[in-house]
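Below, each chain spelled out in residue letters.
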Amino acid sequence: MTEPRARSDPPVSGTQPQEADVLRHMLRSPGYLKALAFCALIGIPVSLAAFWLLVLLHELEHALWADLPHAVGLDVPPWWWPFPLLLFAGIVVGLVVIHLPGGGGHLAASGLDTAGPSSAALPGVLIAALAGLPFGAVLGPEAPLIALGGGLALLFRDLAQVPATPQSVALLGAAGSAAAISAIFGNPLVAAVLLIEVAGVGGPQLFAVMLPALLSSGVGALVFTGLGRWTGLATGDLSLGLSAPVPHLDVPDVLWALAIAVALAVVLHPLPAVARRVAAYVAARPLVRTVVCALGAAACAALYALITGRSPAEVASSGQATLAELAADPRAWGVGALLAVLLLKGAAYALCLGSLRGGPVFPALFLGAAAGVLLSPLPGLGVVPAMAAGMAAASATALRLPVSSVVLVVLLLGSSAMMPIVILAAVVAFVITELLPPGPAPAAH
């Protein structure tokens, strides 16, 4: 008769004992614990640097697109306003690409990158971000923030004379990037999930397991939500019972959300491929062709202002501020303005992805929200579900990061009530995007 196994012993069979032993050994190693403590300390200066960079970007953008027009007696920027600003952006970014180490940072046409640049490349990253984003580049600040965080972490490692092992480089780079990126999203969970997906932890197997889990959880949430409303019975949950009114999902919301996901996946699927073609075009003559692409984006913003009579800033820049305005008053946008902003901001987005420096997240979210508002008059479809499905589908299609898209959209909505259709839209859009024929490979830069 065998003796009973102690409760603290690992299971007898399977791979779990080896994995558990490896994890315990890693956690007990002095080198890993020191790296963990160093990562915690790095978060302080990196977060401060990211905060002040965001403040500077915001203040510059407000000065260029609001204060300066008011100073010359204009209520809104005129149609020609984007041309001198984006001309300056194109010239400076082109010079940075040619003359400074690191080429101004990662090119957004190839997606986000978690690798921190060298300390010598950080000045170029900051100059390209400050010269491009506030001046009207249709990009977000997340890519420069990731580069800033990872680069500063590696710089502090060198100053502290920490040994540069592959493990320490990976740990410190990820820690610095996460601390910086959480500043723009205002949530450390989004930063962690985003970096896990961008870094490709787990490879294709992660997506193979994650997509069915996401999809089934979304369907399960719909079933439980429906059953609770139909029967009046409760099973108990972890919600806080907020007093704010929460919109209820109906069957038409779900069906239209799936249709929106399919439509946006098909329409937006070529956008990254177009951006990579732009990047290949710019790589041959970086200075001249960066300026040409920047002026092309300016032309898109100017044409939008001429057609609609609205501000060209709604096409220029990342769309982060305009997204808040759209969500606050979607009825202020007519059908013509929504169609124009989708077409022209999408074109400017592709040009900037392949030429200037910045991140792809916020323009994709804005395009999805605008598409949702445009389609919200469909029978039985509400504005909030339409925007939620649009943002989830557009970000999953443009970024190829379904889980990050779900977390980010739910965070932006400020409520989990739309989470089921956010999950369904993100998964459907991601699967369709992956099944469609791929475009050309990313251009070397």
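Residues numbered from 1 in each chain as written. Predicted model: local features only at pLDDT ≥ 70, side-chain atom pairs only at ≥ 80, totals over all residues. Heavy atoms only, no water.

Thoughts on the overall build of the protein
- Looking only at helices and strands, the protein features 17 helices and zero strands.
- Across the 445 residues of the protein, 46% fall into the buried class.
- Taking contacts inside the protein between residues at least 6 apart in sequence as the whole, the part at least 24 apart equals 78%.
- In the structure as shown, the protein presents an accessible area of about 21000 Å², 70% of it carried by carbon and sulfur atoms. (Helix = DSSP H or I, 4+ residues; strand = E, 2+ residues; numbered from the N terminus. Buried < 20%, exposed > 50% of the residue type's maximum accessible area, 1.4 Å probe, protein only. Contact = heavy atoms within 4.5 Å. Areas by Shrake-Rupley, 256 points an atom, 1.4 Å probe, with all protein chains shown as cover.)

With respect to empty space enclosed by the protein
- This model, assessed by the stated rule, comprises one cavity of 30 Å³ or more.
- Size it by volume and the largest cavity reaches roughly 50 Å³.
- The wall of the largest cavity is formed by Phe185, Val190, Leu194, Val361, Ser395, Leu399, Ser404, Ser405 and Leu408.
- Those elements that place two or more of their residues in the lining of the largest cavity are helix H7 (188-199), helix H15 (383-399) and helix H16 (402-413). (1 Å grid on protein atoms, 1.4 Å probe; cavity = no way out; pocket = protein on both sides within 12 Å on 5 of 7 lines; lining within 4 Å. Points joined across faces, edges and corners; volume = space filled by probe spheres on them.)

Quick word on the confidence of the model for the protein
- Model confidence for the protein is summarised by a mean pLDDT of 80, while 74% of its residues fall at 70 or above.
- Across the protein, the secondary-structure element scoring lowest on mean pLDDT is helix H8 (residues 203-231), at 52, and the one scoring highest is helix H11 (residues 286-308), at 97.
- Contacts for the low-pLDDT stretch residues 1-16, under 50 throughout, to residues beyond four places or in other chains number six contacts.
- Across residues 227-245 the pLDDT falls below 50, and counting only partners more than four positions away or on other chains, this stretch makes six contacts in the model. (pLDDT = per-residue confidence, 0-100.)

Re the packing of aromatic side chains
- Counted by the stated rule, this structure contains four aromatic pairs.
- Judged by centre distance (5.5 Å) and plane angle (45°), the rings of Trp80 and Trp81 are tilted.
- For Trp80, a relative accessible area of 41% corresponds to the partly exposed category.
- In this structure Trp81 comes out as buried when scored by relative accessible area, which is 7%.
- Considering the side-chain rings of Phe88 and Phe135, the 4.7 Å spacing of their centres and the 35° angle between planes classify their relative orientation as tilted. Taken together, the positions of Phe88 in helix H3 (residues 82-99) and Phe135 in the loop between helix H4 (122-132) and helix H5 (142-159) put the pair 47 residues apart, joining distant regions of the chain.
- Taking the relative accessible area as the measure of exposure, Phe88 reaches 39% and is therefore partly exposed.
- Judged by relative accessible area, which is 14%, Phe135 ranks as buried.
- Cation over ring: Arg310 sits above Trp333, and NZ or CZ is 4.2 Å from the ring centre.
- Stacked on the ring of Phe366, the Lys or Arg Lys345 has its end atom at 5.3 Å from the ring centre. (Phe/Tyr/Trp six-rings, centres within 6.5 Å; stacked < 30°, edge-to-face > 60°. Lys NZ or Arg CZ within 6 Å of the ring centre and 35° of its normal.)

Focus: H3
- An ideal rise of 1.5 Å per residue puts 26 Å on 18 residues; H3 measures up with 26 Å between its terminal C-alpha atoms.
- Within the sequence span of H3, burial applies to Pro82, Leu85, Leu86, Ala89, Gly90, Val92, Val93, Gly94 and Val96. (Expected span 1.5 Å × (residues − 1).)

Re the pattern of salt bridges
- Applying the stated criterion to the full structure yields two salt bridges.
- Taking the shortest distance from any N to any O, the salt bridge between Glu314 and Arg310 comes out at 2.9 Å. (Salt bridge = Lys/Arg side-chain N within 4 Å of Asp/Glu carboxyl O.)

Here's the deal with the environment of Leu268
- Residue placement: Leu268 occurs in helix H9 (residues 251-268).
- The exposure class of Leu268 is buried, given its relative accessible area of 14%.
- When the C-alpha positions of Leu268 and Ala364 are compared, they lie 9.4 Å apart, and in sequence the two are 96 residues distant.

Focus on helix H17 (residues 419-435)
- Here H17 contains 17 residues, and its C-alpha end-to-end distance of 24 Å stays within 8% of the 24 Å for a straight helix at 1.5 Å per residue.
- Three or more residues of H17 are buried, namely Pro420, Ile421, Val422, Ile423, Leu424, Ala425, Ala426, Val427, Ala429, Phe430 and Thr433.

Quick notes on the packing of helix H10 (residues 270-284) against H11
- Interaxial distance between H10 and H11 falls to 6 Å at its minimum, and their mutual angle equals 140°. Between H10 and H11, the interaxial angle falls into the category oblique. Counted together, Val278, Tyr281, Val282, Ala283 and Ala284 of H10 and Pro286, Arg289, Thr290, Val292 and Cys293 of H11 form the full contact between these two elements.
- Of the residues assigned to the contact of H10 with H11, the class counts are eight nonpolar, one polar and one charged. (Axes fitted to C-alpha atoms, helices over the stretch in contact; angles between N-to-C directions. Parallel < 35°, antiparallel > 145°, perpendicular 65-115°, else oblique. Nonpolar A, V, L, I, M, F, W, Y, C, P; charged D, E, K, R; others polar.)

Focus: the state of the cysteines
- With the rule as written, the count across this model stands at zero disulfides.
- Sulfur of Cys293: no disulfide; nearest cysteine sulfur belongs to Cys352 and is 8.3 Å away. (Disulfide = S-S within 2.5 Å.)

Notes on unusual backbone geometry
- The phi dihedral of Ser317 is positive, around 70°, even though this residue is not glycine.
- Within the secondary structure, Ser317 sits in the loop between H11 and helix H12 (320-328).

What to know about the packing of H11 against helix H13 (residues 335-353)
- Where H11 contacts H13, the two axes come as close as 8 Å, and the packing angle between them is 175°. Judged by the inter-axis angle, H11 sits roughly antiparallel to H13. Listed contacts from H13 to Cys293, Gly296, Ala297, Cys300, Leu303, Tyr304, Ile307 and Thr308 of H11 are Ala337, Ala340, Val341, Leu344, Ala347, Ala348, Leu351 and Cys352.
- Looking at the contact of H11 with H13 residue by residue, the classes come out as 14 nonpolar, two polar and no charged.

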